[in-house]
Amino acid sequence: MQGGAGPSGPVRPAIHYSPAATWLNDPNGLIFHNSLWHLYYQTNPRGLTWGNMSWGHATSPDLAHWTEHETAISLDESEEIFSGSMVCDETGSAGFGAGALVAIYTSHRGTPDVGVHQTQALAWSTDGGFTFHKFAGNPVLDRDSADFRDPKVFRHGDRWLMVAVEAVENVVVLYASDDLREWELLSEFRDPTAAAPTWECPDLFPLLDARGAAVWVLILSVNPEALTGGSGTRYYLGDFDGVTFTPSADPGAQGWLDQGRDYYAAVSFFDAPDDRRVMIGWMNNWEYANALPSQPWAMQMAWPRELSIAGSVSRGIRRLIQTPAPLPTGPETFSFDGSLAGDLTIPAVAATAPALVEVEIERGGASLVHLAIGLTFIWEADTLTVCPRIGLPERPAGFDRAVSTPLPGDSHRLSIIVDHGSVEVFIDGGHTVLTQLCPPALLASPWALRVTGGPVQIHVHTRRLV
Ligand code: FRU
């Protein structure tokens, strides 16, 4: 389920990436190279449901306008191509030439009947990431495991490091290599409090805090049994000494990247410019992904986010902040700054274009704030609740479950990105994010803000994003 219903059929998400006519799940191999953002992704080149896993490919100059290319790495009779990452091998350490792009992917072989075997394998490109050759020496890392997958490789000092998972054992494994071919086990990360049937798609990278000290961030996708049920993505802030990741025990040093139901398998770009840490997640949930009504395409990515740290170690408070990557700019369509007691009608934009809705509220004595922007949000006491997503002709299990997130305090700012088929809410400059697919029927319903027990001071500004 993506897109809104237009006069002549489904309307594709306008600024979020969706494939032309195939299935999409995890982002893979995210890399910024030759002035282009490369998005590879899990795709089924032959259909609209999960299967025949291969790497699809799209590029963008700005993260908003995407061009789809030929399938980059295809399954063959011996293997499917599961998730992984991409590096630019400046020195040619792996033997594929200086500046080659090297994909490190999970080679998935077999079936549950005969036994599954997952190993890590390489494919390289010398044309800037458009065509790939599988390495004849594959696999490069074999633990004799059925559930060893999702390698994320990055440069650290003068060597390559890899984080991957033993998915069913719930272990993040860390390896090092000089040439991407021979890997040495460095350490393992476990967290029994995050036990789940599978851990998937890890990432590990440093961010600088407000005083310039490095804070390491471990990202981990958990499925099912995430925060809101089904799949979700966790983070841990901590230290990394080049061998072992140690999570911080500080309050707020771990949590979920998203409070909604549709943010999974999020990983970051290799070599993003200006030391930016840009991340893309799959905007869906394995609980119902395969049961959503089909379109001429299946699934979409969430809007890219930039990660940073607020606060510092020395002040004892550090928070992970996620802000939307720069959005396309369009004209303002509505603004209201003043006092409200009762109802405010907000002219809906999303039927014709993606939109950004910015709402700032000082609720004063109001007992209830009710905001309908495709989805309906209720802010009451210390909680923001997103009402059930009704409006689909069939109701995939779990899709219409309500979600809520703590929202104490008197004054908050919501930046809401609305596209055909989705609503993403960034609260208070990215301290909290909530991502939900939004059925077309709901997107078409009127937009409004209602205050009970006001008056309250509000600012509402909407603009088109194209
Ligand atoms: C996560 C995941 C990965 C795997 C891929 C297969 O959504 O299950 O662990 O590599 O999808 O498509």
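This text goes with the structure placed above it.
Residues numbered from 1 in each chain as written. Predicted model: local features only at pLDDT ≥ 70, side-chain atom pairs only at ≥ 80, totals over all residues. Heavy atoms only, no water.

Draft legend 1. Representation of a negative patch on the surface. A grouping of Glu 332, Asp 337, Glu 358, Glu 360, Glu 362 and Asp 410 is seen on the molecular surface, where their side chains present a negatively charged patch. Residue assignment for the negative patch shows that the elements contributing at least two residues are strand 25 (332-346) and strand 26 (355-362). It is strand 26 that provides the largest number of residues to the negative patch, a total of three residues. With respect to the element layout, Glu 332 can be found in strand 25. (Patch = residues over 30% accessible without salt bridge, like charges linked within 9 Å, V, L, I, M, F, W, Y side chains within 5 Å. Areas by Shrake-Rupley, 256 points an atom, 1.4 Å probe, with all protein chains shown as cover. Salt bridge = Lys/Arg side-chain N within 4 Å of Asp/Glu carboxyl O. Lys, Arg positive; Asp, Glu negative; His and termini not counted. Charge placed at Lys NZ, Arg CZ, Asp CG, Glu CD. Helix = DSSP H or I, 4+ residues; strand = E, 2+ residues; numbered from the N terminus.)

Draft legend 2. Structural detail: the pairing of strand 5 (residues 54-60). Of all seven residues that make up strand 5, seven are buried, and the element is covered over most of its length. Burial along strand 5 is two-sided: Ser 54, Gly 56, Ala 58 and Ser 60 and Trp 55, His 57 and Thr 59, pointing in opposite directions, are all buried. As judged from the seven bridges shared by strand 4 (residues 36-44) and strand 5, these two strands associate in the antiparallel manner. Bridge pairing links Tyr 41 to Gly 56 in strand 5. One ladder, built from four bridges, connects strand 5 with strand 6 (residues 67-73); its direction is antiparallel. (Buried < 20%, exposed > 50% of the residue type's maximum accessible area, 1.4 Å probe, protein only. Pairing = 2+ DSSP bridges.)

Draft legend 3. How the structure looks around the environment of Ile 15. Counting through the fold element by element, Ile 15 comes out in the loop between strand 2 (9-11) and strand 3 (23-33). Separated by 312 residues in sequence, Ile 15 and Leu 327 place their C-alpha atoms 8.7 Å apart. Among all residues touching Ile 15, those that are not within four sequence positions of it are Leu 63, Ala 64, Trp 303, Leu 327, Pro 328, Pro 354, Ile 417, Asp 419, Leu 465 and Val 466. (Contact = heavy atoms within 4.5 Å.)

Draft legend 4. Molecular detail of the side chain of His 16. Among the structural elements, His 16 can be located in the loop between strand 2 and strand 3. A distance of 2.8 Å separates the side chain of His 16 from the side chain of Asp 419, its partner in a polar contact. For His 16, the side chain forms a polar contact with the side chain of Glu 424, separated by 2.5 Å. In contact with His 16, other than residues within four places in its own chain, are Met 283, Gln 300, Met 301, Ala 302, Trp 303, Ile 417, Asp 419, Ser 422 and Glu 424. (Polar contact = N/O pair within 3.5 Å; in protein donor to acceptor, adjacent residues only side chain to side chain.)

Draft legend 5. Highlighting the site of the ligand. The immediate surroundings of the ligand are formed by Asn 25, Asp 26, Gln 42, Trp 50, Met 53, Phe 82, Ser 83, Arg 149, Asp 150, Glu 200, Tyr 264 and Trp 286. Within the contact set of the ligand, an oxygen atom lies 2.8 Å away from a side-chain nitrogen or oxygen of Glu 200. Trp 286 is positioned such that a nitrogen or oxygen atom in its side chain is 2.9 Å from an oxygen atom of the ligand. For the ligand, whose unbound accessible area comes to 320 Å², protein coverage reaches 95%. When its residues are assigned to classes, the shell around the ligand shows five nonpolar, three polar and four charged. (Near = heavy atom within 4 Å. Nonpolar A, V, L, I, M, F, W, Y, C, P; charged D, E, K, R; others polar.)

Draft legend 6. Fine view of the side chain of His 412. Relative to the elements of secondary structure, His 412 occurs in strand 31 (residues 411-419). A distance of 2.5 Å separates the side chain of His 412 from the backbone oxygen of Pro 408, its partner in a polar contact. Among all residues touching His 412, those that are not within four sequence positions of it are Val 359, Glu 360, Ile 361, Trp 379, Leu 407 and Asp 428.

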